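Residue strings, one per chain:
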Amino acid sequence: MNIPQELKYTKDHEWVKIEGDTATIGVTDFAQGELGDIVYVEVETLDETLEKEEVFGTVEAVKTVSDLYMPLSGEIIEFNDSLEDEPEKVNEDPYGEGWMIKIKLSDTSELEDLLSADEYKEVVGS
């Protein structure tokens, strides 16, 4: 299982890459593996400001539909439009081409609540 050291994680299996006051967010390799073949990613919250743990979208797989939760509070400033036509990118490259949203952070103190790669490994029992 791939768990890049440079990223931060949540117990809800999202990963976060921080660049200044912007965060790129997606689902982890573990999450995409559990979901199975992803057939649709929906994010209807573009340009909205959401609080940490609010639902920002859904991911639909062959087996199930799962909500996607904000790991940090902020304004959703970008959605990975390529996922509309190629949702399988989440399965193929969850930490690269399969990213989902970018947000402008509104509360940087929340970064302290994110998990390190080693802490996330303990959550998934890896």
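Everything numeric in this text was worked out from a predicted model, so none of it was measured. (Residues numbered from 1 in each chain as written. Predicted model: local features only at pLDDT ≥ 70, side-chain atom pairs only at ≥ 80, totals over all residues. Heavy atoms only, no water.)

A. Examining the sheet that holds strand β6 (residues 55-61) more closely. Strand order in this open sheet of 3 strands is β4-β6-β7, and the pairing throughout is antiparallel. Looking at strand neighbours, the two that pair on one side only are β4 (38-42) and β7 (65-69), the edges of this open sheet. Sheet twist, expressed as the mean angle between neighbouring strand axes with direction ignored, is 25°. Bridging between β6 and β7 involves 5 bridges; their strand directions are antiparallel. Within β7, the residue paired with V55 across the bridge is Y69. (Pairing = 2+ DSSP bridges. Helix = DSSP H or I, 4+ residues; strand = E, 2+ residues; numbered from the N terminus. Axes fitted to C-alpha atoms, helices over the stretch in contact; angles between N-to-C directions.)

B. Looking closely at the nonpolar core. In this structure, V41, F56, M100, I101 and I103 are the most contacted members of the largest nonpolar core, which totals 25 residues. Mapped onto this core, the elements with two or more residues apiece are β3 (22-27), α1 (29-35), β4, β6, β8 (74-79) and β9 (101-105). The contact partners of M100, leaving out residues within four places of it in the chain, are I25, G26, V27, V41, L68, E78, F79, N80, L83 and V90. (Core = buried A, V, L, I, M, F, W, Y, C linked by side-chain atoms within 4.5 Å. Buried < 20%, exposed > 50% of the residue type's maximum accessible area, 1.4 Å probe, protein only. Contact = heavy atoms within 4.5 Å.)

C. Just a nonpolar patch on the surface, in detail. Judged by side-chain polarity, V39, Y40 and V62 come together as a nonpolar surface patch covering roughly 280 Å² of accessible area. Within the fold, Y40 resides in strand β4. (Patch = residues over 30% accessible without salt bridge, like charges linked within 9 Å, V, L, I, M, F, W, Y side chains within 5 Å. Areas by Shrake-Rupley, 256 points an atom, 1.4 Å probe, with all protein chains shown as cover. Salt bridge = Lys/Arg side-chain N within 4 Å of Asp/Glu carboxyl O.)

D. Region of interest: a negative patch on the surface. Where like charges cluster on the molecular surface, the negative patch consists of D47, E48, E51 and E54. The topology assignment puts E48 in the loop between β4 and β5 (49-50). (Lys, Arg positive; Asp, Glu negative; His and termini not counted. Charge placed at Lys NZ, Arg CZ, Asp CG, Glu CD.)

E. Spotlight on the sheet that holds β5. Strand order in the open sheet made by the 6 strands is β1-β2-β3-β9-β8-β5, with antiparallel pairing throughout. Edge strands, defined here as strands with exactly one partner in the open sheet, are β1 (8-9) and β5. Relative to β9, β8 runs antiparallel, the two sharing 5 bridges. By the bridge assignment for β9, E75 is matched with K104.

F. Structural context of the pattern of salt bridges. According to the stated counting rule, one finds 5 salt bridges in the structure shown. K104 is the partner of D21 in a salt bridge, and the nearest nitrogen-oxygen pair spans 2.5 Å. Residue D21 is found in the loop between β2 (14-19) and β3, and its partner K104 is found in strand β9; the two are separated by 83 residues along the sequence. By relative accessible area, D21 is classed as partly exposed at 37%. Put simply, K121 and D118 hold a salt bridge, and the shortest N to O gap is 4.0 Å. In this pair, K121 and D118 both sit in helix α4 (residues 117-124), 3 residues apart, roughly one turn of the helix. The exposure class assigned to K121 is partly exposed, which follows from its relative accessible area of 27%. With a relative accessible area of 46%, D118 lands in the partly exposed category. Among the ionic contacts, a cluster of salt bridges with common partners joins E86, K89 and E97.

Without other data, these values stay purely geometric and don't point to any function.
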